[in-house]
Amino acid sequence: LPRVNLDGLFDHIERYKVLTFFGVPAIYRMILEHDRVDYYNLSSLKYCFSGGDVLPSEVAERWIKKFGQPIYQGYGATETCGRVSLTPMGEQAPAGSAGKVTPLQKVKLVDPDTLEPVPHGEPGELMVSSEHMVRTYWNKSEETAECFIEMDGKLWYRTRDIVRIDEKGWLFYLDRSVDTLKHKGYRVAVSEIEAVLQEHPAVISACVVGVPDEKVGERIKALAVLKEDVKGVSAYELLKWCRERLAPYKVPQYIEFRDMLPKSKVGKLLRRELRAEERKRFEKVE
């Protein structure tokens, strides 16, 4: 299909009895929210995979309740030439997990500032080494030197992603390191706050950005889009929702409501644009 057309997608699944579907979390949410989803027979779907962003637990739970099949999460990058982790068929992944690291990849978690290994079980920047991965960027020597590093006799790719791997080998994607805020000395993963906001029954999507502040480093600002039929939901209510579910230093200081948030052609949230917009607004005030 040349573009996102949910009715066209539903028709294809029903007509060709599609077994496997790949989508970003936003697509799964759009399907669940679509007015005409119940007009189609989508019972042929058995293997649904999600990648490209963190899948909110609320979406995963609604999906399995409605269609009787889980959404299998995975994680990978173009540079790794395939998946780094994948949820094995038939296994129940812990909430928020992006699967287990595949045998073809070697991984290590490091402090993004020092590249020193982090303690076992602690979050860190994911580095990947594989015989089959990309080794250079075409005609981009500076970018190659920044992203591909020789260490321990192997070439490692710096993913710039912050993840955690538990004692059973499940990988939990937390955030892009560039999307990690520094608030009052803490590293705060914006995706954790976004996931909590998106679990609110009135919120359809959310994005969290940092607002520069001399005293605390960055203040936390949340941009939220409410469902069309929802009225009367205030910023105070969303802040109260966050306080009940997040550590105090992770609760946003500001809530701004938007009609929509910028996304790529495949439905991936364009955080960089929103972050740049906020920084430009801050510079004008200065």
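Residues numbered from 1 in each chain as written. Predicted model: local features only at pLDDT ≥ 70, side-chain atom pairs only at ≥ 80, totals over all residues. Heavy atoms only, no water.

Caption draft 1: Molecular detail of the pattern of salt bridges. Taken as a whole, this structure holds 15 salt bridges when the rule is applied. Glutamate 91 is paired through a salt bridge with lysine 100; the nearest N and O atoms lie 3.2 Å apart. The partly exposed category is assigned to glutamate 91, whose relative accessible area is 36%. With relative accessibility at 24%, the residue lysine 100 sits in the partly exposed group. (Salt bridge = Lys/Arg side-chain N within 4 Å of Asp/Glu carboxyl O. Buried < 20%, exposed > 50% of the residue type's maximum accessible area, 1.4 Å probe, protein only.)

Caption draft 2: Region of the structure containing the sheet that holds strand 2 (residues 47-50). One open sheet holds the 5 strands; their spatial order is 1-2-3-4-5, and the pairing between them is mixed. Every other strand in the sheet has two partners, leaving strand 1 (20-23) and strand 5 (100-101) as the edge strands with one partner each. Here helix 2 (residues 25-33) sits on the sheet and contacts strand 1, strand 2 and strand 3 (71-77); the angle it forms with strand 1, its principal contact strand, is near 115°. (Pairing = 2+ DSSP bridges. Helix = DSSP H or I, 4+ residues; strand = E, 2+ residues; numbered from the N terminus. Contact = heavy atoms within 4.5 Å. Axes fitted to C-alpha atoms, helices over the stretch in contact; angles between N-to-C directions.)

Caption draft 3: Expanded view of the environment of valine 196. With respect to the secondary-structure elements, valine 196 resides in helix 5 (residues 190-198). The exposure class of valine 196 is buried, given its relative accessible area of 9%. On a C-alpha basis, the gap between valine 196 and threonine 144 in space is 36 Å, while along the polypeptide they are 52 residues apart. Setting aside residues no more than four positions away along its own chain, valine 196 makes contact with Trp241, Cys242, Arg245 and Leu246.

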